[in-house]
Amino acid sequence: MARSFFIPPSLSEYIDASWLRESEVLQELRSETAKMPGGGMQIDAVQGQLMAFLVQLMGAKKVLEVGVFTGYSSTVVAMALPSDGEVVACDVSEEITSIARRYWKKAGVESKITLKLSPAIETLDALIEEGHAGSFDFAFIDADKANYLAYYERTLPLLKKGGVVAIDNVFWDGRVMDMSNFEPETVAIRQINEHLHKDERVELCIVPIGDGLTLARKR
């Protein structure tokens, strides 16, 4: 299950056997999603474990998610939060997120998750206008790539000082390295990578897990 652009399948199997801890509910969600069209959009299990570890390490209580899909990332993070923790999850699909809702209930975390079904830019703008700036501990961006930069620029004000935003798919299966590739999504990923590299508002690192995960800590 552990997939990375740089890690061969044999090592991925060893990683899963040696480090991966995945609950039965998460295994069931992963199995169901893998059979769906577009199931490859699901985050890697090891990546989910890392995100859960980070929110626990930070003592996070309030998390923002841009892009829910079938709910693996929101479920694994909500499971790691304390009983009074909260995930504000943004998506546009009632159909796909109905699967997420089902697994939130199975995992016993549905009370921790608030689903916002509207374009994420609108939701993020509303959160800022409603006074939530500087209140989130952790954020995860994994939605349509064309709007990554817009999501990031709205997410950063919502984070506390010291808060962390994780941005998925920053390797884009290696296509970002091909400077002759001008596909819109590739260009958008390249743009956010370049923007973050120059952004002095954050501390920055890259985790070569899954399809590449950027971590940026707000100064």
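Preceding block: the structure.
Residues numbered from 1 in each chain as written. Predicted model: local features only at pLDDT ≥ 70, side-chain atom pairs only at ≥ 80, totals over all residues. Heavy atoms only, no water.

**Student:** Any chance you could break down the overall build of the chain for me, citing the residues and the numbers?
**Tutor:** A count of helical and extended segments in the chain gives 8 helices and 7 strands. Relative to the globule expectation of 17 Å for 219 residues, the C-alpha radius of gyration of the chain, 16 Å, shows essentially globular dimensions. Counting every position in the chain, which comprises 219 residues, the buried fraction comes to 51%. Across the chain, every contact between residues at least 6 apart in sequence was considered, and the portion connecting residues at least 24 apart equals 69%. Split by element, the accessible area of the chain, about 10,600 Å² in all, is 56% carbon and sulfur. With 23 positive and 32 negative side-chain charges, the chain shows a separation of 5 Å between the mean positions of the two kinds. (Helix = DSSP H or I, 4+ residues; strand = E, 2+ residues; numbered from the N terminus. Rg over C-alpha atoms; globule rule 2.2 N^0.38 Å. Buried < 20%, exposed > 50% of the residue type's maximum accessible area, 1.4 Å probe, protein only. Contact = heavy atoms within 4.5 Å. Areas by Shrake-Rupley, 256 points an atom, 1.4 Å probe, with all protein chains shown as cover. Lys, Arg positive; Asp, Glu negative; His and termini not counted. Charge placed at Lys NZ, Arg CZ, Asp CG, Glu CD.)

**Student:** Give a detailed account of the packing of aromatic side chains, specifying residues and quantitative values.
**Tutor:** Evaluated as defined, the whole model comprises 1 aromatic pair. Seen in terms of ring centroids, Tyr 14 and Trp 19 are 5.7 Å apart; in terms of plane orientation they differ by 85 degrees. Their pairing is edge-to-face. By relative accessible area, which is 54% here, Trp 19 ends up exposed. Positioned above the aromatic ring of Tyr 72, the side-chain terminus of Arg 30 is 4.4 Å from the ring centre. If you follow Lys 62 out to its NZ or CZ, it ends over the ring of Phe 136, 4.5 Å from the centre. (Phe/Tyr/Trp six-rings, centres within 6.5 Å; stacked < 30°, edge-to-face > 60°. Lys NZ or Arg CZ within 6 Å of the ring centre and 35° of its normal.)

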